[in-house]
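Analysis of the macromolecular model
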2 protein chains.
Amino acid sequence: MKINKNYAKMKDGYLFAEVAKRTAEYQKANPDKKIIRLGIGDVTIPLCKAAVEAGVSAVREQGEADTFRGYGPYRGYEFLTNAVVDYYKKRGVTIDESEVFVSEGAKNDVANILDIFDAGNTALIPDPVYPVYYDTNVMNGAKIKLIDANKSNGFLPLPHKKLKADIIYLCSPNNPTGAVYNKEQLKAWVDFVRGAGAVILFDAAYEFYVRDPSLPRSIYEVDGAKECAIEFCSLSKTAGFTGVRCGYTVVPRSLYNLNALWLRRQSTKFNGASYIVQRMAAAVFGPEGQKQIADNIGVYMKNAALISETLSDLGIFHTGGANSPYIWLECPGQKSWDFFDLLLSRANVVGTPGAGFGKCGEGFFRLTAFNNFAETKQATERIKAVLG
Amino acid sequence: MKINKNYAKMKDGYLFAEVAKRTAEYQKANPDKKIIRLGIGDVTIPLCKAAVEAGVSAVREQGEADTFRGYGPYRGYEFLTNAVVDYYKKRGVTIDESEVFVSEGAKNDVANILDIFDAGNTALIPDPVYPVYYDTNVMNGAKIKLIDANKSNGFLPLPHKKLKADIIYLCSPNNPTGAVYNKEQLKAWVDFVRGAGAVILFDAAYEFYVRDPSLPRSIYEVDGAKECAIEFCSLSKTAGFTGVRCGYTVVPRSLYNLNALWLRRQSTKFNGASYIVQRMAAAVFGPEGQKQIADNIGVYMKNAALISETLSDLGIFHTGGANSPYIWLECPGQKSWDFFDLLLSRANVVGTPGAGFGKCGEGFFRLTAFNNFAETKQATERIKAVLG
């Protein structure tokens, strides 16, 4: 028996472990200091009422003989896939119900989608990056090309003529940089990919944070995208489902035969998402649910705006914060981990060193809006005092 | 962009579609006939009370700020992994908490486990078989060897000296044959595999149906298995979780470095199972839950016993039925699909043609215990009238 040798090529995922270690060491040495965490990428506001009510009903249904449901459809129940279709329709995007695949999280789908592609493809991955894109390609033994996201391109790299790639990862609003592509920029990617016979894997996990109506929340707002892009969406950051687990992926029928291949993959390796979770997700797409999650996102966006404003006042270059829960800032004259230590020891604020997301992340730092307003305000005051 | 060419080598999964088509056609032509379904592999009894109560509480917790939980541990919450450890302990099997991986279903894990192995391995798969073993190996481009399960070996194939394989699939109690390996037989596999540097993937999804205390419910009841076997378990058939989605996989730390590789796979491609589902699963392992699911399984086992008894009275060779919800019978002088048509048209009973599970399934037929007693009794009376 031989193991998958590609696993040996993976780097250790030490970023968040090292953050936790340094934070714990500082707290131990300084037990009286109150540390504020603006480093985590996890939500903090509980589920909206609509989702809770739907969940309680669905659990009870599963306990009664006349409403019990066993195996569900591989792509998800129509009450949810149709809700997703309507959600897109509100933004002027037409997709067919048969193009929607419900799963237990966008991470699963972004990772598993590689199953339907040949391992000999070249993946183009922006740097810095959400580590899953990179790691899953290493695991598959695919060829990887990085494309620099940096200060000069506003952390929004664009295609150029000499670029060659088969599978192109785009994440907008971006994790970790918070940068958001506009329609013209996405159109440049769509045109490039269509000419090259490639495919875009578009990660839209943070689409709900886009407030500027001129910015696209779906790549399908761009003409031609349905012939070249798969889109991954999640209820994790939009509705606080990080612990509930629900995502959905759109694989257009006009995208080669990828819709049929993905259905084959999912029906062979997956048995549908939990009925209870699907009912909760469907409630989020209802009018009450949409209002409630918008209120919750509003809390995070107020935090993000405050952090962004503070950095602007300090004259610090940053991306994100306006249409994204992430704020990506240039460490003033320092490397990422030095800035981490400075912020921890002097402001007692924990963030995430940009160097942990790739070589272009060196000298940058990620703060997140996933805290309450009082703590976020206190954190920005401390940051001002230290850096002002 | 190139797609995974192995998908083109997959056979169409037409078995259950064809069953549904022939059944619908018969019903349409004979609207007055009451068809009884003993063909499906899905449970029919609703969730036990303990699971429902735990689910309602967990959903409510997710709606309150002080009990809300976001991302959970990749391997599952300790309240559940420890419950699994205790569940094994009751049967005299010692596993460590770090060896338990909770997921959203055994099917996912049985399929995804191939990620950690080299695609150049040879998989040994019994015939007839649960289609997922075969299909996932085709998708991966692995070499496949079939080993005959037939009347002469009681549908329990054993290793022989000339056999060469890297990954060996065993399912006991078996789907579709209902046959159960005894300890000596499993020991033969364990000894063979340890000598060959291979690994056993042991599917124990039906372990709760084993009533005979001399029969193993886990491969780890056999000495040496922790050095050569991964075990897949599920709450689908034990606790009616087919629509709730929860399974768990045991990857021993003494099994090469597979525990670390699987953790790496899961932490990269998966974000943990739903907190709500995990609470429901943990309740199943509690004393109340165990009693309640045993009562439910008792209903199915009474059905299975009746079907088995009926076939014995008719002098029809069959396996399963005593320690399994499946009954696998030899069609009296007929091919599988001819027997399907006979049973449908003359007894108005629907089962599953064995030929759909592999070449050794030809001439055999699967009946399941997942119905209520009244319908099962009526079905057996009709079968007696037709075949007696």
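In this text, all values refer to a predicted model and were calculated from it rather than measured experimentally.

**A word on the packing of helix 2 (residues 49–61) of chain A against helix 9 (residues 275–284) of chain A**
All names here are of chain A. Close contact between helix 2 and helix 9 brings their axes to 8 Å; oriented N to C, the two are set at 150 degrees. As summarised for this structure, helix 2 and helix 9 are arranged roughly antiparallel, according to the angle between their axes. In the crossing of helix 2 with helix 9, the sense of the turn from one axis to the other is right-handed. Contacts from A50, A51, A54, G55, A58, V59 and E61 in helix 2 reach Y275, I276, R279, M280, A283 and V284 in helix 9.

**A word on the sheet that holds strand 7 (residues 229–234) of chain B**
Residue and element names in this part refer to chain B. Across the sheet, seven strands lie side by side as 2-8-7-6-5-3-4; this open sheet has mixed pairing. If you trace the sheet from one side to the other, it starts and ends with strand 2 (100–103) and strand 4 (143–148), each paired once. Strand after strand, the sheet turns through a mean of 20 degrees between neighbouring axes, direction not considered. Of the pairings in the sheet, the one linking strand 7 to strand 8 (residues 247–250) comprises four bridges and is antiparallel in character. Within strand 8, the residue paired with S234 across the bridge is G247. Lying on the sheet, helix 3 (residues 78–90) is in contact with strand 2, strand 7 and strand 8; it crosses strand 2 at an angle near 120 degrees.

**Concerning the nonpolar core**
Residues W189(A), I200(A), F241(A), W189(B), I200(B) and F241(B) are the most contacted members of the largest nonpolar core, which totals 218 residues. Residues within four places of F241(B) in sequence aside, it is in contact with L47(B), A51(B), L235(B), S236(B), C246(B), V277(B), M280(B), A281(B) and V284(B). Counting residues in hydrophobic clusters, the runner-up holds 30 residues, among them Y169(A), V199(A), L201(A) and M1(B).

**Here's the deal with the pattern of salt bridges**
A side chain of one charge can pair with a side chain of the opposite charge if their charged atoms are brought near each other. Applying the stated criterion across every chain, the model contains 42 salt bridges over all chains. Two residues, E221(A) and K183(A), come together in a salt bridge whose shortest N-O distance is 3.9 Å. One end of the pair, E221(A), is in the loop between strand 6 (199–203) and strand 7 (229–234); the other, K183(A), is in helix 6 (residues 183–196), with 38 residues separating them in the sequence. Owing to a relative accessible area of 21%, E221(A) belongs among the partly exposed residues under this scheme. E25(B) is the partner of K21(B) in a salt bridge, and the nearest nitrogen-oxygen pair spans 3.8 Å. Of this pair, K21(B) and E25(B) both sit in helix 1 (residues 15–29), four residues apart, which is roughly one turn of that helix. The exposure class of E25(B) is partly exposed, given its relative accessible area of 46%. Taken together, the shared-partner salt bridges in this structure form one network comprising E18(A), R22(A) and D341(A).

**Some details on the packing of helix 11 (residues 336–347) of chain A against helix 12 (residues 373–387) of chain A**
All names here are of chain A. Direction vectors running N to C along helix 11 and helix 12 enclose 110 degrees, while the axes themselves pass 10 Å from each other. By the angle class used here, helix 11 and helix 12 are roughly perpendicular. The residues of helix 12 that touch helix 11, namely those facing F339, L342, L343, R346 and A347, are R382, I383, V386 and L387.

**Description of the sheet that holds strand 12 (residues 352–353) of chain A**
The strand order across the open sheet formed by four strands is 9-10-13-12 (chain A), and the pairing between neighbours is antiparallel. On the outer flanks of this sheet lie strand 9 (318–320) and strand 12 of chain A, each paired with one strand and no other.

**Remarks on the interface of chain A and chain B**
Facing 77 residues of chain A, the contacting portion of chain B comprises 77 residues. Both sides of the chain A and chain B interface together cover about 5,900 Å² of buried area, and 57% of this is carbon and sulfur. The three residues of chain A that bury the most area against chain B are M1(A), R264(A) and K269(A), which together make up 14% of that side's buried surface. Counting the contacts that link chain A with chain B gives two salt bridges. For the salt bridge of K5(B) with D118(A), the shortest nitrogen-to-oxygen distance reads 3.1 Å. Our enumeration of links across chain A and chain B arrives at 36 residue pairs in polar contact (both at pLDDT 80 or more). For the side of chain A that touches chain B, the elements supplying multiple residues, two or more each, are helix 2, helix 4 (106–112), helix 5 (131–140), helix 7 (236–239), helix 8 (258–269) and helix 9 of chain A. Ranked by residues supplied to the side of chain A that touches chain B, first place goes to helix 8 of chain A with seven residues. A per-class count over the side of chain A that touches chain B returns 33 nonpolar, 25 polar and 19 charged.

**Thoughts on the pairing of strand 13 (residues 364–368) of chain B**
Taken residue by residue, a regular strand's side chains alternate between the two faces of the sheet. Residue and element names in this part refer to chain B. By the criterion of burial, strand 13 is predominantly enclosed, with five of the five residues buried. Relative to strand 13, strand 10 (residues 326–330) runs antiparallel, the two being bridged by five bridges. Bridging from a neighbouring strand, Y326 pairs with T368 of strand 13. As judged from the two bridges shared by strand 12 (residues 352–353) and strand 13, these two strands associate in the antiparallel manner. Residue pairing across strands places T352 opposite R366, the latter belonging to strand 13.

**A closer look at the domain arrangement of chain A**
All names here are of chain A. Examined at the domain level, chain A breaks down into domain 1 (8–47 + 289–387) and domain 2 (49–287). Each of domain 1 and domain 2 has a C-alpha centre, and these two points are 26 Å apart. Listed by partner, the interface residues are 35 residues for domain 1 and 46 residues for domain 2. Roughly 3,300 Å² is buried in total at the junction of domain 1 and domain 2, and carbon and sulfur atoms are behind 63% of that figure. Its largest share of buried area at the contact with domain 2, domain 1 owes to L47, Q290 and N323, together 23% of the area lost on that side. Summed over the shared surface of domain 1 and domain 2, the result is three salt bridges.

**With respect to the side chain of T368(B)**
All names here are of chain B. Structurally, the position occupied by T368 is in strand 13. On the basis of relative accessible area, T368 is assigned to the buried category, the value being 0%. From its side chain, T368 meets the backbone nitrogen of F370 in a polar contact 3.4 Å long. In contact with T368, not counting residues within four places along its chain, are L38, G39, I40, I307, P325 and Y326.

**Side note on the relation of the copies chain A and chain B**
Here chain A sits on chain B after a turn of 180 degrees about the axis and a move of 0.0 Å along it, with an RMSD of 0.1 Å. Such a combination of rotation and displacement between the chain copies is what one expects of a two-fold axis. No C-alpha of chain A approaches the rotation axis more nearly than that of V56(A), which lies at 2.6 Å.

**Notes on unusual backbone geometry**
Residue and element names in this part refer to chain A. Of the consecutive residues S172 and P173, the connecting peptide bond is found in the cis state with omega at -10 degrees. Positionally, P173 belongs in the loop between strand 5 (167–171) and helix 6. Note that the residue after N175, namely P176, is joined by a cis bond; omega there is 20 degrees. Along the chain, P176 falls in the loop between strand 5 and helix 6. Backbone geometry places N348, a non-glycine residue, at a positive phi of 55 degrees.

**Things to note about helix 5 (residues 131–140) of chain B**
By the criterion of burial, helix 5 of chain B is predominantly enclosed, with seven of the 10 residues buried. For helix 5 of chain B, every residue scored as buried is listed here: V132(B), Y133(B), D135(B), T136(B), N137(B), V138(B) and M139(B). Where the residues of helix 5 of chain B are buried, they touch helix 8 of chain A together with helix 4 (106–112), strand 3 (122–127), strand 4, strand 5 (167–171) and strand 6 (199–203) of chain B.

**Remarks on the environment of E184(A)**
Tracing the chain through its elements places E184(A) in helix 6. For E184(A), a relative accessible area of 60% puts it in the exposed group.

Rules of the game
Residues numbered from 1 in each chain as written. Chains lettered and ligands numbered in written order. Predicted model: local features only at pLDDT ≥ 70, side-chain atom pairs only at ≥ 80, totals over all residues. Heavy atoms only, no water. Axes fitted to C-alpha atoms, helices over the stretch in contact; angles between N-to-C directions. Helix = DSSP H or I, 4+ residues; strand = E, 2+ residues; numbered from the N terminus. Parallel < 35°, antiparallel > 145°, perpendicular 65-115°, else oblique. Left-handed = near helix turned anticlockwise from the far one by under 90°. Contact = heavy atoms within 4.5 Å. Pairing = 2+ DSSP bridges. Core = buried A, V, L, I, M, F, W, Y, C linked by side-chain atoms within 4.5 Å. Buried < 20%, exposed > 50% of the residue type's maximum accessible area, 1.4 Å probe, protein only. Salt bridge = Lys/Arg side-chain N within 4 Å of Asp/Glu carboxyl O. Buried area = accessible area lost by both parts, 1.4 Å probe. Polar contact = N/O pair within 3.5 Å; in protein donor to acceptor, adjacent residues only side chain to side chain. Nonpolar A, V, L, I, M, F, W, Y, C, P; charged D, E, K, R; others polar. Domains from an automatic or database assignment. Least-squares fit on C-alpha atoms with pLDDT ≥ 70 in both.

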